[in-house]
Amino acid sequence: MPSHNETVILTGVRKQQQSETTFEYRMDELSALTETAGGRPVARVIQTLKAPRAATYIGPGKVEELAAAAEEHGAGLIIFNDELSPTQLRNLTAALPAAVIDRTQLILDIFAQRANSREGQLQVELAQLSYTLPRLRGQGTSLSRLGGGIGTRGPGETKLETDQRHIRNRMAELRRRLNEVSSHRTRYRENRKEKEVFQIALVGYTNAGKSTLLEQLAKSETFTEDKLFATLDPLSRKVKLPSGFNLLLTDTVGFIQQLPTTLIAAFRSTLEEVREADFLLHVVDASHADADNHETSVNKLLNELGAGTVPAMTVYNKKDLIKDGHVPSTGSGNSIAVSAKNPDDVQLLFQALEQQLKAQFLPYVIRFAASEGKFLHRLKQQTIVANETFNETTDEYEFSGYVPPETAIANEVTRMRREKPEW
């Protein structure tokens, strides 16, 4: 583990076609990521170029400036705001007096800290090794300098003692174990489907407030922290809507711009929870200055994961922290602005979610005998009940509401309606 407040210099290239504001947001995000990993950013070295240099990412003069800044601040680590190629990493390591890592290594390091489940740990290690393999040659000096600091968690500590064959063998073993876990997860999902459990996945940019929202909606204690990637492993809680409809709400790993491809590949089985969900709540930190880009990035990743067609509702969170008082437009009906810590807002979200689900479900009107108590119980838990009356003369219930399509309860409602065509 790194010593706290490890001194770090941040470095980035602003491409000429990129706006200065957008670039500053990304550098600020790199700074927040560094602090999350336990580092202390003390300086930034920035260069504007048409494109990063193939050999050293930044120009020769900036390399000298970066070396001088590292000496001046006594920095033990330099973090670059893009993924470095093996050649860039090798050349920079030879030219600079401090250890060098890139944005991808930094994110992988945070994931190594945050992964608590066995599956999460396996996924992180596979991602780290996938990143390390093409960069193994020439990293000896860099890894020696790191000495247990940021970027060395997990398999990083043993890179000096490994070779390509060992890494490939280990990766094959990790994939085999993850396939077993994935099979178990698939069986679990199938079991949920058989039990008619309606699942909603919370998705969003990292630190958008998903875990806080899950805690408030489910009335349960979940881990929440004002840091990027505070929650890594998926967490599910049972939630009951005001109508009595039961659903399963799952918090998923936060997304981020330029999420490392090795992580997307390694976490595919976990991210399948998003694709297999019946509905998505896309949580956006409305108070963040770069909220629009965050929302766009998440939507892009959802499309890449094959989840772009899953019905969704946007939740603009942290409206109480918006400095200029401007709340994003919510006039479309499939979005709402809330503060997850405000109980009144949580109730409004419940109501809005119920309205959204009604629009997705099939309306029904049904009559059945009071003796069918088991069916009555299922109807209340597995459909959104709008009206319920009891006729003492006929000893029958009359229900109207909305039922999830293509489910066993929907088939049962259809069958009973056929038996009583007047309904």
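That block above? That's the structure.
For the structure given in this document, a descriptive report is provided here. All values reported here derive from a predicted model rather than from experimental measurement.

With respect to the helices and strands, Arg 378 occurs in helix 13 (residues 373–382). Taking relative accessible area as the criterion, Arg 378 reaches 26% and is therefore assigned partly exposed. Separated by 133 residues in the primary sequence, Arg 378 and Phe 245 place their C-alpha atoms 9.6 Å from one another. If sequence neighbours within four positions are ignored, Arg 378 has contacts with Thr 383, Ala 408 and Ile 409.

Taken together, six strands build an open sheet; the order of strands is 6-7-5-8-9-10 and the sheet is mixed. For this open sheet the edge positions go to strand 6 (235–240) and strand 10 (335–337), each flanked by a neighbour on one side alone. Going from strand to strand, the sheet's axes swing by 25 degrees on average, the running direction of each strand aside. Pairing of strand 5 (residues 198–204) with strand 8 (residues 279–285), which is carried by five bridges, proceeds in the parallel orientation. Within the sheet, the bridge partner assigned to Val 203 lies in strand 8 and is His 282. On the sheet, helix 11 (residues 291–304) packs against strand 5, strand 8 and strand 9 (312–317) and is oriented at approximately 155 degrees with respect to strand 8. Packing of helix 12 (residues 343–360) onto the sheet brings it into contact with strand 5, strand 6, strand 7 (246–251), strand 8, strand 9 and strand 10, and relative to strand 9 it is tilted by some 165 degrees.

Attention now goes to the side chain of Glu 295. Residue placement: Glu 295 occurs in helix 11. One buried charge, Glu 295, has no salt-bridge partner; the nearest side chain with opposite charge is Lys 318, at 14 Å. Once residues lying within four places of it in the same chain are set aside, the contact partners of Glu 295 are His 282, Val 284, Thr 314 and Tyr 316.

Note: strands within a sheet are paired through backbone hydrogen bonds, in either parallel or antiparallel orientation. Pairing within the open sheet is antiparallel, and its three strands lie in the order 11-13-12. Both outer strands of the open sheet, strand 11 (362–369) and strand 12 (384–391), are each paired with one neighbouring strand and no more. Sheet twist, expressed as the average angle between the axes of neighbouring strands with direction ignored, equals 15 degrees. In the sheet, strand 11 pairs with strand 13 (residues 396–403) via eight bridges, with the strands oriented antiparallel. Bridge pairing in strand 13 links Pro 363 to Tyr 402. Strand contacts of helix 13: strand 11, strand 12 and strand 13, with the helix running at about 160 degrees to strand 11, the strand carrying the most contacts. Where helix 14 (residues 408–419) meets the sheet, its contacts fall on strand 11 and strand 13, and the angle it forms with strand 11 comes to roughly 60 degrees.

The full count for this structure, using the stated rule, is 15 salt bridges. Of the charged contacts, one joins Arg 177 and Glu 173 as a salt bridge, the two residues approaching to 3.0 Å between their closest N and O atoms. Placement of the pair is Arg 177 and Glu 173 together in helix 7 (residues 164–194), with a separation of four residues, close to one helical turn. Glu 173 sits in the partly exposed class, given a relative accessible area of 24%. One network of salt bridges, with partners in common, ties together Glu 173, Arg 176, Arg 177 and Glu 180.

What counts and what doesn't
- Residues numbered from 1 in each chain as written.
- Predicted model: local features only at pLDDT ≥ 70, side-chain atom pairs only at ≥ 80, totals over all residues.
- Heavy atoms only, no water.
- Helix = DSSP H or I, 4+ residues; strand = E, 2+ residues; numbered from the N terminus.
- Buried < 20%, exposed > 50% of the residue type's maximum accessible area, 1.4 Å probe, protein only.
- Contact = heavy atoms within 4.5 Å.
- Pairing = 2+ DSSP bridges.
- Axes fitted to C-alpha atoms, helices over the stretch in contact; angles between N-to-C directions.
- Lys, Arg positive; Asp, Glu negative; His and termini not counted.
- Salt bridge = Lys/Arg side-chain N within 4 Å of Asp/Glu carboxyl O.

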